[in-house]
Structure formats: C-alpha cells, structure tokens
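What follows is each chain in one-letter form.
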Amino acid sequence: SIIDNRSIEILRLENCFDQNCVNGCRALTSLLTCGRHFQNLHFRWNGLPDIDDVTAALAANPQIETLDLTGNQLRDRHADLIAEAL
C-alpha cells in the first residue's frame, strides 16, 4: 500500500475521492496522520468541502513541501486554517 511503501515521497491523488460518496477529507487526513511523511502531496479535485480535520493533520506533518489542493471548493477561511497549520 501507499502507506507501507517508504520510498514514495511524491503522491498524486487527483480526482479520486469526489465520486461515489467517498470522503476525500477522511482520506487526506488518514494519509497525513499515518506516520508517513510525504514531501509532495497533490490532492487536486477531490471534493474537500470542509477541511478542519485536515488542517490539524497538516500541523503534524511539517516535512511536507508541496500541498496542492486545487479545485477542492475551499474558501478563504480554509486558506487561513491551512496557513496556521503550516
């Protein structure tokens, strides 16, 4: 799995979770709290309407260099939360 493969540093999951009622926020939070430290995480177009749990997980993953959340219905409040977490 992605979590078990320690050689993966760049992860692209684009347009994977905004379909069939799969919770993109839960998936992203799981990735950020699994004990793995990804350098680059591209999580574009995955239907993240609310990211309160995600921002808490971001604070626990300081090694992340790039986080791409393009197209996830985020609002200004979410940007403020992300900035605080980083």
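The notes below deal with the structure included here.

Rules behind the numbers
- Residues numbered from 1 in each chain as written.
- Predicted model: local features only at pLDDT ≥ 70, side-chain atom pairs only at ≥ 80, totals over all residues.
- Heavy atoms only, no water.
- Helix = DSSP H or I, 4+ residues; strand = E, 2+ residues; numbered from the N terminus.
- Buried < 20%, exposed > 50% of the residue type's maximum accessible area, 1.4 Å probe, protein only.
- Pairing = 2+ DSSP bridges.
- Axes fitted to C-alpha atoms, helices over the stretch in contact; angles between N-to-C directions.

## Some points on unusual backbone geometry
Even without glycine at this site, Trp45 takes up a positive phi of about 55 degrees. The residue Trp45 is located in the loop between strand E2 (40-42) and helix H2 (52-59) in this model. What makes Trp45 partly exposed here is its relative accessible area of 46%. The phi dihedral of Gln73 falls on the positive side, at around 60 degrees, and the residue is not glycine. Checked against the element boundaries, Gln73 lands in the loop between strand E3 (66-68) and helix H3 (76-85). Given the relative accessible area of 52%, Gln73 is considered exposed.

## Section: the sheet that holds E2
Pairing is parallel in the open sheet, where three strands are placed in the order E1-E2-E3. Across the chains shown, the open sheet's two edge strands, defined by having one partner strand only, are strand E1 (10-12) and E3. Each neighbouring strand pair of the sheet contributes to a mean axis angle of 0 degrees, computed without reference to strand direction.

These figures come from the coordinates and say nothing about function on their own.
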